[in-house]
Amino acid sequence: MATLTVSAADEKRVKAMGFLSNKGTDNFNARIITVNGKITAEQQRCIAEAAEKFGNGEVAFTTRLTVEVPGVPYEKIEEFQEFIGKAGLTTGGTGSKVRPVVACKGTTCQYGLLDSFGLAREIHERFYVGYRQVQLPHKFKIAVGGCPNNCVKPDLNDLGIIGQRIPNFDEDSCNGCKKCAIEKNCPVGAAKVVDGVLEIDKDVCNNCGRCVGKCPFDAIEDGTYGYKIYIGGRWGKKVAQGRALSKVFTDKEEALSVIEKALLLFREQGKTGERFSQTIDRLGFENVEAQLLSDEILGRKDEILAANLHTKGGATC
Ligand code: SF4
Ligand code: SF4
Ligand code: SF4
């Protein structure tokens, strides 16, 4: 076994920079942030070169859409950062903080109802970069999904956003057809003709928008795009399914401000070491939802950010 020379304190220091110890060695996995899971060809070349120059020549993809280069020696860490910095890449993504944002390919997917890459980039700038120095009780994972198919599992993140298209049904145009095209095609059975008119059960409809434009009599000509937000999901040592806020947001800025309010609430009212799902359980979903739908907590933003809280959070990876 090689003699290890990197102290525990230095290991901790570089971990905060996104360099995770390769067990039993003085080498590290350099965790590179992809912003929204999408990198350019030039950045890929840069990562490949960095892997050969500083690492063991391999590149590993993480479940949260970051890229890791294993085998980077401790003394090469700064040089590595400088090298990938030339392609606009950074390392990081650890600690009791906002974690790298993940997104599905909703921007180009046939089912996508929002620009998932663009939205994830905005969230990255505002809450990953913008909140990089903000300590939270535990890690905070955010996912952006383009539609209710949930490929990226937004409801298993501390906060997840799902693209929506709320069908605008014009009852007056509905003829109550014996074979209703909408009833036949709704993937979740939310649409049914009852007493000569189509009814959409709002509790079942997931706003996938697939019925829009499908009625031959133009009873559903368009739909309103929006954002559903889930809070309190997690998947790992413990599992919790996130719960959706009752409101579907149609304004992007309003949806983004809910993320900020959730972070402030978690920092202020979360106990060190607990995940957001536990904070929500302790405070009560209705209480948390009421705070996220009001702007009251934003008025305390400076005070909450300045407070000396969670100096040692619960995140261990
Ligand atoms: S969640 Fe929807 S938009 Fe995203 S990849 Fe899956 S099907 Fe496509
Ligand atoms: S929604 Fe359209 S297809 Fe369905 S019953 Fe009404 S008119 Fe007919
Ligand atoms: S939006 Fe989707 S779930 Fe809702 S009624 Fe239309 S097809 Fe069904």
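Quick notes on the rules
- Residues numbered from 1 in each chain as written.
- Chains lettered and ligands numbered in written order.
- Predicted model: local features only at pLDDT ≥ 70, side-chain atom pairs only at ≥ 80, totals over all residues.
- Near = placed C-beta within 6 Å.
- Nonpolar A, V, L, I, M, F, W, Y, C, P; charged D, E, K, R; others polar.
- Pairing = 2+ DSSP bridges.
- Helix = DSSP H or I, 4+ residues; strand = E, 2+ residues; numbered from the N terminus.
- Buried ≥ 20, exposed ≤ 12 C-beta atoms within 10 Å, placed from the backbone.
- Contact = placed C-beta atoms within 7 Å.
- Axes fitted to C-alpha atoms, helices over the stretch in contact; angles between N-to-C directions.
- Domains from an automatic or database assignment.
- Parallel < 35°, antiparallel > 145°, perpendicular 65-115°, else oblique.
- Left-handed = near helix turned anticlockwise from the far one by under 90°.

## So, the site of ligand 1
Turning to step 1, where the next piece is worked out: The environment of ligand 1 is formed by Cys104, Lys105, Gly106, Cys109, Tyr111, Gly112, Gly145, Gly146, Cys147, Asn149, Asn150 and Cys151.
Turning to step 2, where the next piece is worked out: Residue composition of the shell around ligand 1, by class: 5 nonpolar, 6 polar and 1 charged.

## Quick notes on the site of ligand 3
Turning to step 1, where the next piece is worked out: Around ligand 3, 13 residues are found, and the nearest of them are Cys186, Cys205, Cys208, Arg210 and Cys211.
Turning to step 2, where the next piece is worked out: In terms of residue class, the shell around ligand 3 is made up of 9 nonpolar, 3 polar and 1 charged.

## Observations regarding the sheet that holds strand S3 (residues 60–61)
Pairing between the strands of a sheet is mediated by backbone hydrogen bonds and can be parallel or antiparallel.
Turning to step 1, where the next piece is worked out: Reading across the sheet, the 4 strands line up as S1-S2-S4-S3 and stay open at both edges, with antiparallel pairing between neighbours. Of all strands in the sheet, those with a lone pairing partner are strand S1 (19–21) and S3, marking the two edges.
Turning to step 2, where the next piece is worked out: Pairing of S1 with strand S2 (residues 27–32) involves 3 bridges; the strand directions are antiparallel. Bridged to Phe19 within S2 is Ala30.

## Regarding the environment of Glu296
Turning to step 1, where the next piece is worked out: Mapped onto the secondary structure, Glu296 falls in the loop between helix H8 (285–293) and helix H9 (301–306).
Turning to step 2, where the next piece is worked out: Taking the number of C-beta atoms within 10 Å as the measure of exposure, Glu296 has 10 and is therefore exposed.

## Structural notes on the sheet that holds strand S7 (residues 159–168)
Turning to step 1, where the next piece is worked out: A sheet is described by the order of its strands in space; here 5 strands give the open sequence S5-S6-S7-S10-S11, paired in mixed fashion. Every other strand in the sheet has two partners, leaving strand S5 (102–103) and strand S11 (243–244) as the edge strands with one partner each.
Turning to step 2, where the next piece is worked out: Bridging between S7 and strand S10 (residues 222–231) involves 10 bridges; their strand directions are antiparallel. Paired with Ile162 across the two strands is Lys228, which belongs to S10.
Turning to step 3, where the next piece is worked out: Where helix H6 (residues 252–269) meets the sheet, its contacts fall on strand S6 (142–145), S7 and S10, and the angle it forms with S10 comes to roughly 5 degrees.

## As for the domain arrangement of the protein
Turning to step 1, where the next piece is worked out: Under the domain assignment, the protein is made up of domain 1 (8–85), domain 2 (102–164 + 226–306) and domain 3 (171–216).
Turning to step 2, where the next piece is worked out: Placing the centre of domain 2 and that of domain 3 at their C-alpha centroids yields a distance of 31 Å.
Turning to step 3, where the next piece is worked out: Counted by class, the side of domain 2 that touches domain 3 contains 4 nonpolar, 1 polar and no charged residues.

## Section: unusual backbone geometry
Turning to step 1, where the next piece is worked out: Even without a glycine there, the phi angle at Leu65 is positive, about 65 degrees.
Turning to step 2, where the next piece is worked out: Along the chain, the position of Leu65 falls in the loop between S3 and strand S4 (67–73).
Turning to step 3, where the next piece is worked out: The residue Lys153 is not glycine, and still its phi comes out positive at about 55 degrees.
Turning to step 4, where the next piece is worked out: Turning to its location among the elements, Lys153 is positioned in the loop between S6 and S7.
Turning to step 5, where the next piece is worked out: The class for Lys153 is partly exposed, based on 17 C-beta atoms found within 10 Å.

## Brief notes about the packing of helix H2 (residues 41–53) against helix H3 (residues 77–85)
Turning to step 1, where the next piece is worked out: At a minimum axis distance of 10 Å, the contact between H2 and H3 shows a crossing angle of 160 degrees. In terms of their interaxial angle, H2 and H3 are classed as roughly antiparallel. The crossing of H2 and H3 is right-handed. Between H2 and H3, the residues in contact are Cys46, Ile47, Ala50 and Lys53 and Phe80, Phe83 and Ile84, respectively.
Turning to step 2, where the next piece is worked out: Split by residue class, the contact of H2 with H3 holds 6 nonpolar, no polar and 1 charged.

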